[in-house]
Amino acid sequence: MNKKTIRTGIVGSGFSASFHYEALRKAYSVNIEIIGVHSLDQEGGRKYAEKREIRFFEQLDALLGEVDVIHVCVPPIGHEPVSIAGLKRDKFVICEKPMTGYIGDDSPGFHWERADKQVALQTALASIDRMLEAEEKSKGRLLYAENWVYAPAIQKEREILEKTGGQILWIHGEEAHSGSHSVDYAYAARCGGGVLIGKGCHPLTAALYLKRVEGRVRNDKPIRPKTVTARTHALTRLKQFRDEGHIRKDYYDIDDFSMMHVEFEDGTIADIIASDIVLGGIHNWLEVCANNHRAVCNINPNTAMMTYNPVEKNFADIYVVEKIGTKQGWACTSPDEDWVTGYPQEIEAFYRTIAYGEPLESDSRLGADAISTIYSAYLSADRGGAAVEIKTY
Ligand SMILES: NC(=O)c1ccc[n+]([C@@H]2O[C@H](COP(=O)([O-])OP(=O)(O)OC[C@H]3O[C@@H](n4cnc5c(N)ncnc54)[C@H](O)[C@@H]3O)[C@@H](O)[C@H]2O)c1
């Protein structure tokens, strides 16, 4: 195979920029030249570049002048402006989750619990419209980096749906752990909301994706979400919360527990839970109950490997699994966490689309449907769980 060469640049130099870089190194169908990185954090960006022997660009524009693709690895507030800057220069844009959102109203006293959720929804939808319009006018494309779509268990389920023509009746899924490391995460004005968007977007998008696949198989028409009913809670901000030191609890205004009940246009359903109050490591799973099969997609933990360690300190410099509280005793040690999470498969698939035009599974419309569902869910929660219609793309 005559491999194409694609020049790429990374925007942001934090956590996600690191795993994007690792995944880029594993792509095999395309020669990827990682030209450089641009980051608002000049010092961190330079360190990131130095460590990987790539160039640091002070200006986004300068990086855009030298690449075919950018990876948007910045917080949600930057997703729209950075993506649109790339699309305007006809670049392919790989945008981290969530695609965009409502990032507060710039007022110093902004508090998510008091924010008008109708305004939040309309603002997020307007942002989506601008991003989709920029994509429409561009020779590039917006590729939505939802790694759950590319997690091996979800792609296996896609194969089952394609080969058996199954009808999904109910999906339930969850993303949870005991609290994000990020300081910004405590503030809705920096992240577009709380756990419902931050974690809920992952299993939700996987559920939206699988119903799309089902419709695509049956009559080439995706099955879209129609309404959502949701509740959100702030359990660690309850006066009654008894802190034993295992769960993060310094959130300013965000929800740390959320549930969404989605009804699709064919009347079938999905239930998505996301929380920051679950001990024992990250808990990411999705179960599909179809008319002809049932599938439990264990993303993390799973039992590919189990370890028993009698002495905590023996595993001091061994990575076991994301967010595990202790390494003593039995653990579902992940031999290759990036792989079960779908990071390298996502990047490989994106570059096959970019270089050879292969079909794109996680596109901007899937990202847009997820955002629309999420802010409709926040509106529903604000109305005590009343069903809210979802605009789809
Ligand atoms: N798919 C996943 O599993 C996953 C995991 C973690 C984070 N994320 C997503 O990745 C995104 C970034 O999160 P993170 O954990 O890497 O954050 P981070 O704080 O670790 O890093 C963000 C970086 O972006 C830089 N930055 C901020 N605004 C910028 C701008 N406008 N232009 C250039 N650089 C800018 C910061 O200086 C920093 O280097 C978020 O949208 C988050 O939701 C996804």
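Description of the structure in this document. Every chain is numbered independently, its residues counted from 1 as its sequence is written. Totals for whole chains, interfaces and linings use every residue, but because this is a predicted model, local features are given only for residues with pLDDT of at least 70 and side-chain atom pairs only at 80 or more, for both listing and counting. Computation of side-chain values: all heavy atoms of the structure, hydrogens and water removed.

Time to look at the overall build of the chain. Helical segments are the DSSP runs of H or I of at least four residues, strand segments are the runs of E of at least two, and each set is numbered from the N terminus. Helix and strand counts for the chain come out as 13 helices and 15 strands. Computed over C-alpha atoms, the radius of gyration of the chain comes to 21 Å, within 12% of the 21 Å expected from 2.2 N^0.38 for 393 residues, which places it in the range of a compact globule. Exposure classes here rest on a 1.4 Å probe applied to the protein chains alone. A residue is buried below 20% of its type maximum, exposed above 50%, and partly exposed in between. Of all 393 residues assigned to the chain, the portion counted as buried reaches 57%. Should any heavy atoms of two residues lie within 4.5 Å, those residues are counted as being in contact. Across the chain, contacts joining residues at least 24 apart in sequence account for 73% of those joining residues at least 6 apart. If the 46 positive side-chain charges of the chain are averaged to one point and the 56 negative ones to another, these points end up 1 Å apart. This radius of gyration counts C-alpha atoms alone. The globule rule is 2.2 Å times how many residues there are, raised to the power 0.38. Counted as positive: Lys and Arg. Counted as negative: Asp and Glu, with His and the chain ends omitted from the count. A single reference atom marks each charge: NZ on Lys, CZ on Arg, CG on Asp, CD on Glu.

One less than the number of residues in a helix, times 1.5 Å, gives the span that helix is expected to have. Taking 1.5 Å of rise per residue, 14 residues should cover 20 Å, and helix 12 (residues 343-356) covers 20 Å from first to last C-alpha, within 8% of that figure. The buried fraction of helix 12 is high, at ten of 14 residues. Taken together, the buried positions of helix 12 are Y343, P344, E346, I347, E348, F350, Y351, T353, I354 and A355. The first or second residue beyond helix 12 is G357, which carries a positive phi of 75°.

This part takes up the nonpolar core. Here, nonpolar core means buried Ala, Val, Leu, Ile, Met, Phe, Trp, Tyr and Cys residues that are tied together by side-chain atoms lying within 4.5 Å of each other. Counting residues in hydrophobic clusters, the biggest one holds 111 residues, and the most contacted among them are I70, W112, I154, L210, L286, Y351 and Y375. With ten residues, helix 13 (residues 364-382) is the single largest residue contributor to this core. Apart from the residues within four sequence positions on either side, L210 is in contact with I154, E157, R158, L161, I168, I171, L286 and V288.

A few words now on the state of the cysteines. Note that a disulfide, as used here, is simply two cysteine sulfur atoms within 2.5 Å. Applying the stated rule across the entire model yields zero disulfides. The thiol of C95 is not disulfide-bonded; the next cysteine sulfur, from C73, is found 9.0 Å away. Judged by relative accessible area, C95 falls into the buried class, the value being 1%. Cysteine C332 remains unbridged, with the sulfur of C297 as its closest cysteine sulfur at 17 Å.

Another point: the site of the ligand. Looking at the ligand, there are 22 residues lining it, with F15, S16, K97, N147 and Y343 nearest. Each polar contact in these results corresponds to two N or O atoms within 3.5 Å; when the atoms are within protein, one needs to be able to donate a hydrogen and the other to accept it, and residues that are neighboring in sequence are counted only if both atoms are side-chain atoms. Within the contact set of the ligand, an oxygen atom lies 2.7 Å away from a side-chain nitrogen or oxygen of S16. Within the side chain of S39, a nitrogen or oxygen atom sits 3.3 Å from an oxygen atom of the ligand. Relative to its free-state accessible area of 840 Å², the ligand is covered by the protein chains to the extent of 78%. Looking at side-chain class alone, the shell around the ligand contains ten nonpolar, nine polar and three charged residues. Residues are classed as near a molecule or strand on a simple rule: at least one heavy atom within 4 Å of it. Each accessible area is a Shrake-Rupley result for a 1.4 Å probe, and residues are judged covered by the shown protein chains and nothing else. Think of it as three bins: nonpolar holds Ala, Val, Leu, Ile, Met, Phe, Trp, Tyr, Cys and Pro, charged holds Asp, Glu, Lys and Arg, and polar takes everything else, Gly as well.

The residue after K97, namely P98, is reached through a cis peptide bond having omega -15°. Here P98 lies in the loop between strand 5 (92-96) and helix 5 (117-137). Cis geometry is found at the peptide bond from N300 to P301, where omega equals 5°. Of note, E53 is a non-glycine position whose phi angle comes to about 55°, a positive value. Topologically, E53 is positioned in the loop between helix 2 (42-52) and strand 3 (55-57). Here E53 falls in the exposed class, since its relative accessible area comes to 75%. Positive phi values are uncommon outside glycine, yet D220 reaches one of about 60°.

Further remarks concern the sheet that holds strand 7 (residues 168-176). Note: two strands are recorded as paired if DSSP finds a minimum of 2 bridges between them. Pairing is mixed in the open sheet, where seven strands are placed in the order 12-11-7-10-9-8-15. Taken across any chain shown, the strands that pair with only one partner, and hence form the sheet edges, are strand 12 (294-300) and strand 15 (388-389). As judged from the eight bridges shared by strand 7 and strand 11 (residues 283-290), these two strands associate in the antiparallel manner. Note that in strand 11 the partner of E175 across the bridge is N284. Angles run from 0 to 180 degrees between N-to-C directions of axes, and those axes are lines fitted to C-alpha atoms, restricted for helices to the stretch in contact. On top of the sheet, helix 10 (residues 201-219) reaches strand 7, strand 8 (225-233), strand 9 (257-264), strand 10 (269-275) and strand 11; it is set at about 155° to strand 7, its chief contact. In the packing of helix 13 onto the sheet, contacts are made with strand 8, strand 9 and strand 15, and the angle to strand 8 comes to roughly 50°.

Attention now goes to a nonpolar patch on the surface. Patch membership needs two things, relative accessible area over 30% and no salt bridge, and members are linked within 9 Å if like-charged or within 5 Å if nonpolar (Val, Leu, Ile, Met, Phe, Trp, Tyr). When a carboxyl oxygen of Asp or Glu lies within 4 Å of a side-chain nitrogen of Lys or Arg, that pair is called a salt bridge. A surface patch of nonpolar side chains, amounting to about 390 Å² of accessible area, comprises M306, Y308 and W330. Take M306: its relative accessible area is 39%, and that puts it in the partly exposed class.

Counting through the fold element by element, M99 comes out in the loop between strand 5 and helix 5. Taking the C-alpha atoms as reference, M99 lies 9.9 Å from D369; in sequence the two are 270 residues apart. The contact partners of M99, leaving out residues within four places of it in the chain, are H79, M131, L132, L142, Y144, S364, G367, A368 and I371.

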